[in-house]
Every structure is written in structure tokens, then in C-alpha cells.
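# Examination of the molecular architecture
Residues per chain are reported as follows:
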Amino acid sequence: MAKILVLGGGFGGVVAAERLAQLLGDDHQITLVSRSRNFVFYPALVRLAFGKCTKEDVLFDLRHTMLSRRINFVEAEVAHLDPVERKVTIAHGEVEGKLPYDYLIFALGRRLATERITGFYEHAHHLLNVDKAIKFGRAVAEFEEGRVVLGQCPGARLPVPVYESAFMLAALLEEKGKRDRVRITVVTPQTLESELGDPGAAFALKRALEDHGIELVINSPIEALTPHFAVTSMRRTIDFDLLMLVPPFCGSSAAGYLGVIDPDRYIDVDLHMRVFGHDRLYAAGDCVNIAGPKMGHMAIRQAEVAAENLAAEIEGHEPTVIYSHEMRFVIDEVGGNGLYLHKDLTGNEVATVRQGRFWSWAKLAQQKYWEAKHS
């Protein structure tokens, strides 16, 4: 019998544990460790902020879901990982101590590095958990006039919530008859072409922003905040009356024990999702050191690859499944339209860009599928 630990209760950890349960027989033990029993469906947090869904729509009980799939669930914090002894020290949860393992998938995601932006917590809203999304939604509902700034900080690598928030805000203000009293500005630390990795996608998004009267400010990496100004690394100031930023991120502190990380503590893996230099150890999701944005669908595919290769290894076979690094996302526009982008980040091919009502519908259908599967 193999003891398999999966660390992390996000997309990567949940999908890896579920896939292993499908691939392996009952004689193997699968345990998922998560700091919270509540799984958050992060792609829906913008919709939550703007009143398009409820808190109950984005939270799922991991304990109930995992046990129904014969996966042991432990609610606790990962304190230390010893890849030599193959033991994980857990604390601050329902159990404390050391958990031995034969195989492990590291999927602890990333943490908010808000300390890199002076004044972030005092002056900015964000959409990275349920309570903060609701708080931002209340601020939007009370906003009457002035300038709303929405943007990414350097190291965020998560563009979709920024643009979706801008479009939803424009739609809300139109409904209230206040659109002409509010200036909406999107700020990015680079060019749109660099952010999306494709000139065609950048052109389509720029046109959509212009159609809705949303200002775009490029090459403006924000590094500090005051009560009414965002200060860039070039000492430019951007005034605001309401501010929502996606903060910088870095890897989990527990990744430091692996010794195979980049300066931001993201874990080095091969295309089989195996951690370099360690046997029987895989990683998936936001914690891995792979170029480009970090998005939910990427974490899901990485988790599937890791689980399939780990299961093959347990059965005595060499891992053969390769991770294909692709970017796919839909940005909902006002009026029910959606902007769809698909690009292979490993090659030089031009991205596929589509617009229309179908894509917004498809995105909502994907969320409903996840809700039904994990409720």
C-alpha cells in the first residue's frame, strides 16, 4: 500500500486528489491536507463582488466532498516538509504532528506578498478571498462619483479579474445612470501585448475597453499607495477615489524546504510535473515555476498530469504524460458578451481570439459544472 499526501485545498490539490482516487485501487491511502475545509471558487469572486452570485455559490465543503471520494481529509497548516525523511509536519489544525508519506503532490499555491506594496492594506481593495470581494462590492455600491482605478501590481500574473471588474463596473454605473460621473481606469505594469502574450488579443481587449469608455494606463508598475494616490516605480502618481489591485504573489514558505525554487519561492518542475532533484515528489498549481499567468485551468491540468504520472510510478511505470502550457480564459464584457483567448505559451503561434455571447455562457456553464460536481 502506498501512502500519498496531497498538500493544498485549491484547484491543484483538489483535482490531484480526485484524479488519484479514480486511478488507484482501494489498497492505497490518499490524504488531502488543507488549511481550510472551505474550497473557494476564485473565478467567481468578481461576480460575487458585483452581486451576480452569493457567498454560498463560491464556497464548497472539502471534507464532505473528499470523504465521498474515499480521500482522507486533514484540516491543518503545513509547517515543514522533509523530502529526505518523507515526512510533513502539520500544525494549527485538527491534528498536529508528522505525517509520513511514500509519494507527495505539493499544491499549496502562492501567498499574497502585499508587504511589497507600501500602504496596500490601508488603501486598496482586492478580490482574493470571499470577505474582501464582498467588501469591495459594498464600496462599489456606495460609490457616487470620482475615479475608480483597477489594476495589477508587478508579480501578480492574474489579469482577468481586473478587466472583468472594469466591465462589470461600467455596466453597473450605466444601470444606475451614473456612468458619466465616474472615470474608470485600468492600470497594468507592462503593455497589454506583454500581459496577454499576443498582439491580436491585446487589440481585441483594447477595443472592448474603448467601447465602454475605460481608460488604459500601461507600463505603470505600482509600488506604493497613499490615501488618494498610487505611486509607480518611475515616481508617477495616479489619483483615485476607489482602488482595487491584484497584489504581488510569491510561493508558499513551505516550498523553501525543497531547495529547488526561484527567488519568489516557486518550485522548479519538469514537464511531468516532477520536482527537480526529488524522488516521488510532484508539484502542481500556482506554486510551480512556469512562465506566464497563473490561472485555475492551468492548475487543473497540471494536477491531472501530476496525478497520472504519480499513479504510473506507483504501478512501476515511467511517467509519460506531458504538461502542455496553454493559456485559456474568458473576460466577461457588459451586455452578455465575452472575450475568449486561447494561446499555446510554448510556441510562437498566434492566439485564437473570439468574441460573442456564447463565451460568457460557456464560462458560466463551467462554473455551474464545478458547483454540481463538488456540492
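Above this note sits the structure.
First things first, this report covers the structure right here in the doc. From a predicted model like this one, the values you see are computed outputs, not experimental measurements. Chains are numbered independently. Their residues run from 1 in the order of the written sequence. Residue-level local features of this predicted model are given only where pLDDT is at least 70; pairs of side-chain atoms are given and counted only at 80 or more, and the full residue set underlies all totals for whole chains, interfaces and linings. Side-chain figures throughout are based on the complete set of non-hydrogen atoms in the structure, without hydrogens or water.

## Some details on the nonpolar core
Heads up, the condition is: We define a nonpolar core as any set of buried Ala, Val, Leu, Ile, Met, Phe, Trp, Tyr and Cys residues linked to one another through side-chain atoms lying within 4.5 Å. Residue exposure (1.4 Å probe, protein chains only): buried if accessible area is under 20% of the type maximum, exposed if over 50%, otherwise partly exposed. Whether two residues are in contact is decided by their heavy atoms, any of which lying within 4.5 Å being enough.
Leu20, Phe106 and Ile267 are the most contacted members of the largest nonpolar core, which totals 113 residues. For isoleucine 267, the contacting residues outside a window of four places in its chain are Phe106, Ala255, Leu258, Val260, Ile261, Val275, Ala283, Cys287, Val288 and Asn289.

## A closer look at empty space enclosed by the protein
Stated precisely, the cut-off is as follows: Of the two site types, the cavity is a set of points on a 1 Å grid over the protein atoms alone where a 1.4 Å probe fits but cannot get out, and the pocket is an open set with protein on both sides within 12 Å along at least five of seven lines, each lined by residues with an atom within 4 Å of a point. Grid points are joined across faces, edges and corners, and a volume is the space filled by probe spheres set on the points. For this classification, Asp, Glu, Lys and Arg are treated as charged, while Ala, Val, Leu, Ile, Met, Phe, Trp, Tyr, Cys and Pro are nonpolar and the rest, including Gly, are polar.
In the structure shown here, the tally under the stated rule is 1 cavity of 30 Å³ or more. Considering only enclosed or pocket space, the largest cavity measures out at about 60 Å³ in volume. Surrounding the largest cavity, Gly285, Asp286, Val288, Ile290, Ala291, Pro293, Lys294, Met295, Met298, Ala299, Gln302 and His325 form its lining. Split by residue class, the lining of the largest cavity holds 7 nonpolar, 3 polar and 2 charged.

## Here's the deal with the sheet that holds strand β14 (residues 222-225)
Keep this limit in mind: When DSSP locates at least two bridges between a pair of strands, those strands are taken to pair. Here a strand is any run of E in DSSP of at least two residues, a helix any run of H or I of at least four, and the numbering for each starts at the N terminus. Here an axis means a line fitted to C-alpha atoms, over the contact stretch when the element is a helix, while the angle between two N-to-C directions is reported on a 0 to 180 degree scale.
Read from one edge of the open sheet, 3 strands run β14-β15-β16, paired in antiparallel fashion. The open sheet has two free edges, formed respectively by β14 and β16 (237-239), since each of these has just one partner strand. Put simply, the sheet's adjacent strands are angled 30 degrees from each other on average, direction ignored. Where β14 and strand β15 (residues 229-232) come together, 3 bridges link them in antiparallel fashion. Counterpart to leucine 225 in the pairing with β15 is alanine 230.

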